[in-house]
Amino acid sequence: MSERIQIFSEQLRKYLPDDYSEATNIIIDVLGLENDKFYFPFAEMYYYRALSKFVETYGLDNFEQSMKTIEEITKRDTAEFAIRPFILKDYDKVEAVFQKWGRSDNAHLRRLVTEGPRPRLPWAKKLPFLRGDVQENFRLLKPFLDDPSRYVEKSVANHLNDISKSS
C-alpha cells in the first residue's frame, strides 16, 4: 500500500504547479468542505494518503502552508505520517500547532496531536521521545486522557503503550 501511495504522490508532484504553496492550495480547494462523517471507501484512502505523502515529501521547507494542508487533510482522513518529519525538524513549532489543534472541536485534529508523535507508530519510522524526555510525551497526552471521543482515547492508549515498550 505504501508504494502505491508514494507513486500517487509522485504523480501529484508531476502534475501540480512547481510552487508548493500554489500546489497545496489546489489540494485544499479539491478537498472541498469539511466532511463530518469520516467514512470513506477503501479506494479513497489512497487519495487522502497520497495528499499527506505529498506534504510529507515536498513541504518540509514550507511550515505554515504544510500545517494548513495537514489540518485540512486530517479533517477527512489522517496525516500522522506527514507530521512526523516536521516534529523531527522543529518540535517547538509543531507544538504550537498542536496547542491549537488540541483545543479543536474536531476529534480528528485532536487525535493527530496524540497519534502523530507516537514513538512507535506502526509502519512509520520510530520517533525519539519528544525533546528527549518521556515526561514531554506525558505532558502532551494529559489533556486528552478524558477526551469525549473514543477515537482520541484509543490513540492516547496506543501512545501510552508505545511509551511502556520504550521505557
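As the structure is a computational prediction, the values presented were derived from the model and not from experiment.

Visitor: Explain the nonpolar core here, please?
Guide: Nonpolar side chains in soluble globular proteins generally cluster together in the buried interior. Formed by 35 residues in total, the largest nonpolar core has its most connected members in Met67, Ile70, Ile83, Ile87, Phe98 and Trp101. Among the elements of the structure, helix H2 (20–31), helix H3 (42–58), helix H4 (63–74), helix H5 (80–89), helix H6 (91–102), helix H7 (107–115), helix H8 (134–141) and helix H9 (150–166) are those that each provide at least two residues to this core. At five residues, the largest contribution of residues to this core is made by H6.

Visitor: Would you explain unusual backbone geometry in this entry?
Guide: Residue Trp123 is not a glycine yet carries a positive backbone phi of 65°. By the element assignment, Trp123 lies in the loop between H7 and H8. A positive phi angle, close to 55°, is found at Arg131, a residue other than glycine.

Visitor: Just checking my understanding: could you explain the pattern of salt bridges for this structure?
Guide: Any two side chains of opposite charge can pair if their charged atoms end up close together. Under the criterion given, the structure shown has 18 salt bridges. In this structure, Asp77 and Arg49 form a salt bridge, with 2.5 Å as the shortest nitrogen-oxygen distance. Of this pair, Asp77 sits in the loop between H4 and H5 while Arg49 sits in helix H3, placing them 28 residues apart in sequence. We note a salt bridge from Glu95 to Arg139, for which the minimum N-O separation is 2.1 Å. Remark: Arg139 occurs in helix H8 and Glu95 occurs in helix H6; sequence separation between them is 44 residues.

Visitor: Which parts of the structure should I look at to understand H8?
Guide: Helical geometry note: an α-helix holds 3.6 residues per turn, so side chains three or four residues apart project in the same direction. Listed as buried for H8 are Glu136, Asn137, Leu140 and Leu141. Along the axis of H8, the buried residues cluster in a sector spanning 135°; they form a single face. On the buried face of H8, the contacting elements are H6, H7 and H9. Put simply, Asp133 is the residue that caps the front of H8, since its side-chain oxygen is 3.0 Å from the backbone nitrogen of Gln135.

Visitor: What is the right way to read the packing of H8 against H9 from this model?
Guide: The axes of two packed helices give the description: the angle between them and the distance between them. In contact at an axis separation of 11 Å, H8 and H9 are set at 170° when each is read in the N-to-C sense. It follows from the interaxial angle that H8 and H9 lie roughly antiparallel. Only Val156, His159, Leu160 and Ile163 of H9 make contact with H8, whose side of the interface consists of Val134, Asn137, Phe138 and Leu141. Partitioning the contact of H8 with H9 into residue classes produces six nonpolar, two polar and no charged.

Visitor: Looking at this model, I keep getting lost on a nonpolar patch on the surface. Mind explaining?
Guide: Taken together, Ile26, Val30 and Tyr47 make up a surface patch of nonpolar side chains, about 250 Å² in accessible area. One can find Val30 in helix H2.

Visitor: Explanation requested: the packing of aromatic side chains in the structure shown.
Guide: Counted under the stated rule, the structure contains four aromatic pairs. Taken together, a centroid distance of 5.1 Å and an interplanar angle of 55° make the contact between Phe54 and Tyr58 tilted. Of this pair, Phe54 and Tyr58 both sit in helix H3, four residues apart, which is roughly one turn of the helix. Positioned over the ring face of Tyr58 is Arg13, at 5.1 Å from the centre of the ring.

The rules we used
- Residues numbered from 1 in each chain as written.
- Predicted model: local features only at pLDDT ≥ 70, side-chain atom pairs only at ≥ 80, totals over all residues.
- Heavy atoms only, no water.
- Core = buried A, V, L, I, M, F, W, Y, C linked by side-chain atoms within 4.5 Å.
- Buried < 20%, exposed > 50% of the residue type's maximum accessible area, 1.4 Å probe, protein only.
- Helix = DSSP H or I, 4+ residues; strand = E, 2+ residues; numbered from the N terminus.
- Salt bridge = Lys/Arg side-chain N within 4 Å of Asp/Glu carboxyl O.
- Arc of directions from axis to C-beta.
- Contact = heavy atoms within 4.5 Å.
- Polar contact = N/O pair within 3.5 Å; in protein donor to acceptor, adjacent residues only side chain to side chain.
- Axes fitted to C-alpha atoms, helices over the stretch in contact; angles between N-to-C directions.
- Parallel < 35°, antiparallel > 145°, perpendicular 65-115°, else oblique.
- Nonpolar A, V, L, I, M, F, W, Y, C, P; charged D, E, K, R; others polar.
- Patch = residues over 30% accessible without salt bridge, like charges linked within 9 Å, V, L, I, M, F, W, Y side chains within 5 Å.
- Areas by Shrake-Rupley, 256 points an atom, 1.4 Å probe, with all protein chains shown as cover.
- Phe/Tyr/Trp six-rings, centres within 6.5 Å; stacked < 30°, edge-to-face > 60°.
- Lys NZ or Arg CZ within 6 Å of the ring centre and 35° of its normal.

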